[in-house]
Amino acid sequence: ASAPSGWTGEIEILVENTGERRGATVLQVYGTRPDSRFDRPLRRLIGFRRVELGAGERRAVAVPYDLTVLGVRVDGIFVHEPGGWQLTVGQHATDAAVVVELQLEE
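Presented here is an overview of the structure given in this document. (Residues numbered from 1 in each chain as written. Predicted model: local features only at pLDDT ≥ 70, side-chain atom pairs only at ≥ 80, totals over all residues. Heavy atoms only, no water.)

### Side note on the overall build of the protein
On a plain count of helices and strands, the protein comes out with zero helices and eight strands. Ordered by position from N to C terminus, the α and β elements of the protein give β-β-β-β-β-β-β-β. The dimensions of the protein, computed from C-alpha atoms along their principal axes, are 55 × 25 × 20 Å. Scored against the burial criterion, the 106 residues of the protein give a buried share of 37%. The contacts in the protein between residues at least 6 apart in sequence include a share of 63% that link residues at least 24 apart. Carbon and sulfur atoms form 47% of the exposed surface of the protein, whose accessible area is close to 6,700 Å². In the protein, 12 positive and 15 negative side-chain charges are present, and the distance between their average locations comes to 5 Å. (Helix = DSSP H or I, 4+ residues; strand = E, 2+ residues; numbered from the N terminus. Buried < 20%, exposed > 50% of the residue type's maximum accessible area, 1.4 Å probe, protein only. Contact = heavy atoms within 4.5 Å. Areas by Shrake-Rupley, 256 points an atom, 1.4 Å probe, with all protein chains shown as cover. Lys, Arg positive; Asp, Glu negative; His and termini not counted. Charge placed at Lys NZ, Arg CZ, Asp CG, Glu CD.)

Here's what the structure looks like:
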């Protein structure tokens, strides 16, 4: 089965190494449906990408995401709940460096 339109993609984030040495980090994308009619976790990891940058380097990085993993099983089929979704990008689950709102159709 294919993913509904807009449920997978990439989010582009500007990343900067403010240190004086080469470094690496992992950008994590979490998805949530604030007004969900289903019982679901507040946030769930839906994408990530490891990034290495030289000292002082800044660059745009595309991080893939897949909201279809947040489908809910109802009567034996997965339901992709339409409406307002939030993507949160950061270095860990409680880091909300960037928040993007999406409106998705089923």
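### With respect to the layout of surface pockets
Size it by volume and the largest pocket reaches roughly 240 Å³. Lining of the largest pocket is provided by 17 residues; of these, Val 15, Glu 16, Thr 25, Leu 27 and Gln 91 occupy positions nearest its centre. Sorting the residues of the lining of the largest pocket by element identifies strand S1 (8–16), strand S2 (23–32), strand S3 (44–53) and strand S7 (83–90) as the ones contributing at least two each. (1 Å grid on protein atoms, 1.4 Å probe; cavity = no way out; pocket = protein on both sides within 12 Å on 5 of 7 lines; lining within 4 Å. Points joined across faces, edges and corners; volume = space filled by probe spheres on them.)

### Some remarks on the packing of aromatic side chains
Taken as a whole, this structure holds one aromatic pair when the rule is applied. Measuring from ring centre to ring centre gives 5.5 Å for Trp 7 and Trp 85, while their planes differ by 70°; the resulting arrangement is edge-to-face. Taken together, the residues span a long stretch of sequence, with Trp 7 in the segment before S1 and Trp 85 in strand S7 at a distance of 78 residues. Residue classification places Trp 85 among the buried residues on the basis of a relative accessible area of 1%. (Phe/Tyr/Trp six-rings, centres within 6.5 Å; stacked < 30°, edge-to-face > 60°.)

### Overview of the side chain of Glu 81
Along the chain, Glu 81 falls in the loop between strand S6 (77–79) and S7. For Glu 81, a relative accessible area of 3% translates into the label buried. Sequence-distant contacts of Glu 81, that is, excluding residues within four places in its chain, are made with Trp 7, Arg 33, Asp 35, Ser 36, Arg 37, Phe 38 and Arg 40.

### Overview of the pairing of S7
The element S7 is extensively covered by neighbouring structure, given that six of its eight residues are classed as buried. As defined by bridge partners, S2 adjoins S7 across five bridges and the pair is classed as antiparallel. Bridge pairing links Tyr 30 to Thr 88 in S7. Pairing of S7 with strand S8 (residues 98–104), which is carried by seven bridges, proceeds in the antiparallel orientation. Bridge pairing in S8 places Gly 84 opposite Gln 103. (Pairing = 2+ DSSP bridges.)

### Describing the sheet that holds S8
Strand order in the open sheet formed by four strands is S3-S2-S7-S8, with antiparallel pairing between adjacent strands. A single partner strand is all that each edge strand has here, and the edge strands are S3 and S8. Sheet twist, expressed as the average angle between the axes of neighbouring strands with direction ignored, equals 20°. Bridge count between S2 and S3: nine bridges; the pairing is antiparallel. Bridge pairing links Leu 27 to Arg 49 in S3. (Axes fitted to C-alpha atoms, helices over the stretch in contact; angles between N-to-C directions.)

Read these as layout, nothing more, since geometry by itself doesn't imply function.
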